[in-house]
Amino acid sequence: MYTDPIADFLTRVRNAIAANHRVVEVPASKLKKEMTKILFDQGYILSYQFKDDKVQGTIKIALKYDRDTKESVIRKIQRISTPGLRKYVGAKEMPRVLNGLGIAIVSTSKGVMTNKKARQENVGGEVLCYVY
């Protein structure tokens, strides 16, 4: 049993990238599925597949690597808001990651979205992680 499933999700992806794996499997939840969709839409992962075979199900993520340098597209994936210290921001204080080159995944009242979309819809929320 782990206390922070989002940190576990990010750590599994980070470890798979460090070991140059092509595919990583993660236990599923609604929040993790939404985070995976955002990573796919922003071009950080190649593809994903949801498997509902067990009670919880799994998410199979195909990681994306650069063809020339063989480096991962995800340079860094970092947890921001933790169970011990939640990080909430308003629409005006929405963070910019790497001066707009990276994304922040934010959990808002209108669902999970990137920092750019949250700023457009003028909603604040909990900053889950930074990806660049």
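Here's what I pulled together on the structure shown here. It should be emphasised that the depicted structure is a prediction, and the values quoted were computed from it without experimental measurement.

Let's talk about the sheet that holds strand β3 (residues 58-63)
Then, number 1: Reading across the sheet, the three strands line up as β1-β3-β2 and stay open at both edges, with antiparallel pairing between neighbours. The sheet is open, and its two borders are formed by β1 (23-27) and β2 (45-51), each paired with just one other strand. Averaged over all neighbouring strand pairs, the angle between strand axes comes to 20°, with direction disregarded.
Then, number 2: As paired strands, β2 and β3 are joined by six bridges and run antiparallel to one another. The residue of β3 that forms the bridge with Ser47 is Ala62.
Then, number 3: Against the sheet, helix α1 (residues 5-18) makes contact with β1 and β3, and its axis sits at roughly 165° relative to β1, the strand it touches most.

Comments concerning α1
Then, number 1: Here α1 spans 20 Å end to end across 14 residues, near enough to the 20 Å set by a 1.5 Å rise per residue.
Then, number 2: Those residues of α1 not exposed but buried are Ile6, Asp8, Phe9, Leu10, Val13, Ala16 and Ile17.
Then, number 3: Structurally, α1 contributes buried residues whose contacts are with β1, α2 (30-41), β3, β4 (77-79) and β8 (125-131).
Then, number 4: Two residues or fewer past α1, Asn20 is found with a positive phi of approximately 55°.

Things to note about the packing of aromatic side chains
Then, number 1: Going through the model one piece at a time under the given rule, you end up with two aromatic pairs.
Then, number 2: Relative to Tyr48, the ring of Phe40 has its centre 5.3 Å away and its plane inclined at 75°; by these criteria the two rings are edge-to-face.
Then, number 3: When its relative accessible area of 27% is taken as the criterion, Tyr48 is described as partly exposed.
Then, number 4: A centroid spacing of 5.1 Å and a plane angle of 45° characterise the contact between Tyr48 and Phe50, whose relative ring orientation is tilted.
Then, number 5: Put simply, the rings of Phe40, Tyr48 and Phe50 pair up and form one aromatic cluster.

Structural notes on the environment of Ile45
Then, number 1: Relative to the elements of secondary structure, Ile45 occurs in strand β2.
Then, number 2: With 20 residues separating them along the chain, Ile45 and Tyr65 place their C-alpha atoms 8.5 Å apart.
Then, number 3: With sequence-adjacent residues up to four places away left out, Ile45 is seen in contact with Thr36, Leu39, Phe40, Ile61, Ala62, Leu63, Lys64 and Ile74.

What about the nonpolar core?
Then, number 1: Met35, Ile61, Leu63, Ile74, Ile105 and Val131 are the most contacted members of the largest nonpolar core, which has 26 residues in total.
Then, number 2: If near-sequence neighbours (up to four positions away) are discounted, Leu63 is found in contact with Val13, Ala16, Ile17, His21, Arg22, Val24, Ile45 and Leu46.
Then, number 3: Grouped together as the second largest cluster of nonpolar side chains are nine residues, Val89, Val97, Met113 and Val127 included.

Examining the pairing of strand β6 (residues 103-108)
Then, number 1: The buried fraction of β6 amounts to five of the six residues, a majority that puts the element mostly inside the structure.
Then, number 2: Inspection of the sheet shows β6 paired to β8 by six bridges, in the antiparallel sense. Within the sheet, the bridge partner assigned to Ala104 lies in β8 and is Tyr130.
Then, number 3: Counted between consecutive antiparallel strands, the loop separating β6 from strand β7 (residues 111-114) contains two residues.

Quick word on the side chain of Glu126
Then, number 1: Inspection of the secondary structure assignment puts Glu126 in strand β8.
Then, number 2: Filtering out sequence-adjacent residues up to four positions away, Glu126 remains in contact with Ser81, Arg86, Lys87, Tyr88, Ile105, Val106 and Ser107.

Topic: the environment of Asp66
Then, number 1: Assignment of secondary structure puts Asp66 in the loop between β3 and β4.
Then, number 2: On the accessibility criterion, Asp66 (34% relative accessible area) is partly exposed.
Then, number 3: C-alpha separation for the pair Asp66 and Val131, spaced 65 residues apart in sequence, amounts to 16 Å.

Reading the values: rules and limits
- Residues numbered from 1 in each chain as written.
- Predicted model: local features only at pLDDT ≥ 70, side-chain atom pairs only at ≥ 80, totals over all residues.
- Heavy atoms only, no water.
- Pairing = 2+ DSSP bridges.
- Helix = DSSP H or I, 4+ residues; strand = E, 2+ residues; numbered from the N terminus.
- Axes fitted to C-alpha atoms, helices over the stretch in contact; angles between N-to-C directions.
- Contact = heavy atoms within 4.5 Å.
- Expected span 1.5 Å × (residues − 1).
- Buried < 20%, exposed > 50% of the residue type's maximum accessible area, 1.4 Å probe, protein only.
- Phe/Tyr/Trp six-rings, centres within 6.5 Å; stacked < 30°, edge-to-face > 60°.
- Core = buried A, V, L, I, M, F, W, Y, C linked by side-chain atoms within 4.5 Å.

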